[in-house]
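Observations on chain architecture
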Amino acid sequence: MLKDVEEVVFSEAQIQERIKKLCEEIADAYEKKPVLLVGILKGCLFFMADLMRKLDIPVAIDFISVSSYGPSTEKTGAVKILKDLDTPIQDKHVLIIEDVVDTGLTLGYLLRNLKERSPASLQVCSLLDKPDYRIVGIPLQFKGFELGKKFVVGYGLDYQGKYRHLPFIASLKKEICPL
Ligand code: IMP
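Every value quoted in this text rests on a predicted model; they were computed, and no experiment measured them.

**A closer look at the pattern of salt bridges**
Under the defined criterion, the tally for this structure stands at twelve salt bridges. The shortest N-O distance in the salt bridge between Asp 129 and Arg 134 comes to 2.5 Å. Its relative accessible area of 4% is what places Asp 129 among the buried residues. For Arg 164, the salt bridge goes to Asp 158, with nearest N and O atoms at 3.5 Å. By relative accessible area, which is 24% here, Asp 158 ends up partly exposed. Three or more residues joined by partner-sharing salt bridges are found here, namely Asp 129, Arg 134, Lys 143 and Glu 146.

Here's what the structure looks like:
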């Protein structure tokens, strides 16, 4: 696996340091109000776990899983819910935890869907933001890092189901991942 890595883009230490700051921003914004963290599977795995352990406000968690819209050449925006939330979100402060916002199609769909369930508030926290690829405008209240035109793996992010377990975020060699 390590032999496939081209370059470490964000190290373990950089990620943890950024998450600490992000947690302070989130705690300040919510002023001790209880928050429901809604993780988007599966990429949110490590980010959600690390974030919630550093967050000094009352939190509950839930998860949602959506199908992607297909290969990057097919940006149709068709997203399907594969696993819905376990609990209603009416009157709750909901913070969506996402690994990366790229085109914004996935989150655009989810935001519309969750808004209809009448939460008290609905905000987004994404570890990575790739603004250069954006098709749908997304209000991104909290973000870890901005990234240029790069495809990355590790720390929950995959390429063809692999590399999620890497403890850092990295780009892959071109012969492994041509994206
Ligand atoms: P969007 O709908 O284009 O914003 O895409 C969001 C989803 O695409 C993310 O939740 C990831 O699953 C996937 N994705 C986008 N960019 C990357 C990347 O650089 N590495 C791994 N997955 C990515």
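**Topic: the sheet that holds strand S9 (residues 169-172)**
With antiparallel pairing, three strands are arranged side by side in an open sheet as S1-S9-S8. The open sheet has two free edges, formed respectively by strand S1 (5-10) and strand S8 (152-153), since each of these has just one partner strand. Two elements, S1 and S9, share four bridges in a ladder whose sense is antiparallel. Of the residues in S9, the one forming a bridge with Val 5 is Leu 172.

**Some thoughts on the sheet that holds strand S4 (residues 81-83)**
Spatially, S4-S3-S2-S5-S6-S7 is the arrangement adopted by the six strands of the open sheet, whose pairing is mixed. Bordering the open sheet on either side are S4 and strand S7 (142-146), each of which pairs with just one other strand. Within the sheet, the average angular offset between the axes of one strand and its neighbour, ignoring direction, is 30°. As defined by bridge partners, strand S3 (residues 59-66) adjoins S4 across two bridges and the pair is classed as antiparallel. Note that in S4 the partner of Val 66 across the bridge is Ile 81. In this fold helix H2 (residues 45-54) packs onto strand S2 (35-41), S3, strand S5 (93-101) and strand S6 (121-129), with an angle of close to 170° to the strand it touches most, S3.

What counts, and at which threshold
- Residues numbered from 1 in each chain as written.
- Predicted model: local features only at pLDDT ≥ 70, side-chain atom pairs only at ≥ 80, totals over all residues.
- Heavy atoms only, no water.
- Salt bridge = Lys/Arg side-chain N within 4 Å of Asp/Glu carboxyl O.
- Buried < 20%, exposed > 50% of the residue type's maximum accessible area, 1.4 Å probe, protein only.
- Pairing = 2+ DSSP bridges.
- Helix = DSSP H or I, 4+ residues; strand = E, 2+ residues; numbered from the N terminus.
- Axes fitted to C-alpha atoms, helices over the stretch in contact; angles between N-to-C directions.
- Contact = heavy atoms within 4.5 Å.

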